Amino acid sequence: MALFTALRLPQAFHKVLSQSGAFIAPDYQYVVVDLVNCAPPPDMDIWMDAGRLDWLLEGNRQMYAILKEKNYRVKYREFSAGHNFTAWRDDIWHGLEALYAKPKSRQG
């Protein structure tokens, strides 16, 4: 829902954090895939992650590939976990840091 909402309202959302997103299931493709395929990428940063034991892992891999192909600014991470709250709770800091960390200052 995070990515879907941001794509529907790109003027309001410029950062997306998706954990174990439901994008593609056997024999079914969600509307969010059409939004990515049919419009130019908006000005937003996307973080996606999924556990290697998550039943939605393959759909996340496919969505990441589609986003990269369409030139979205997206980062993706897989980690050793399944589809559960403790996995998301323990891993969310990676996405928050990637999306909101202050840029490193240049010295020189």
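An account of the accompanying structure is given in this report.

Okay, the pairing of strand β4 (residues 45–51) next. Of all 7 residues that make up β4, 6 are buried, and the element is covered over most of its length. Sheet analysis places strand β1 (residues 15–19) next to β4, joined by 5 bridges and oriented parallel. Note that in β4 the partner of Val 16 across the bridge is Ile 46. Both β4 and strand β5 (residues 73–79) contribute to a ladder of 7 bridges, which runs parallel. Paired with Ile 46 across the strands is Val 74, a residue of β5.

Turning next to the sheet that holds β4. The strand order across the open sheet built from 3 strands is β1-β4-β5, with neighbouring strands paired in parallel fashion. Across the chains shown, the open sheet's two edge strands, defined by having one partner strand only, are β1 and β5. The average angle at which neighbouring strand axes cross in this sheet is 10°, direction not considered. Of the strands in this sheet, β4 and β5 touch helix α3 (residues 57–69), which is tilted by about 155° from β5. Packing against the sheet, helix α4 (residues 85–100) makes contact with β1, β4 and β5, and its axis sits at approximately 160° to β1.

Once that is clear, we can look at the pattern of salt bridges. For the structure shown, the criterion picks out 7 salt bridges. Note that Lys 15 is salt-bridged to Asp 45, the shortest N-O span being 3.6 Å. In this pair, Lys 15 sits in strand β1 while Asp 45 sits in strand β4, placing the two residues 30 residues apart along the sequence. Through salt bridges with shared partners, a single ionic network connects Lys 15, Asp 43, Asp 45 and Arg 73.

Turning next to unusual backbone geometry. Non-glycine residue Ser 20 carries a positive phi angle of around 50°. With respect to the secondary-structure elements, Ser 20 resides in the loop between β1 and β2 (24–25). Judged by its relative accessible area of 5%, Ser 20 falls in the buried class. Positive phi values are uncommon outside glycine, yet Asn 71 reaches one of about 65°. When you line up the elements, Asn 71 lands in the loop between α3 and β5.

How each quantity is defined
- Residues numbered from 1 in each chain as written.
- Predicted model: local features only at pLDDT ≥ 70, side-chain atom pairs only at ≥ 80, totals over all residues.
- Heavy atoms only, no water.
- Buried < 20%, exposed > 50% of the residue type's maximum accessible area, 1.4 Å probe, protein only.
- Helix = DSSP H or I, 4+ residues; strand = E, 2+ residues; numbered from the N terminus.
- Pairing = 2+ DSSP bridges.
- Axes fitted to C-alpha atoms, helices over the stretch in contact; angles between N-to-C directions.
- Contact = heavy atoms within 4.5 Å.
- Salt bridge = Lys/Arg side-chain N within 4 Å of Asp/Glu carboxyl O.

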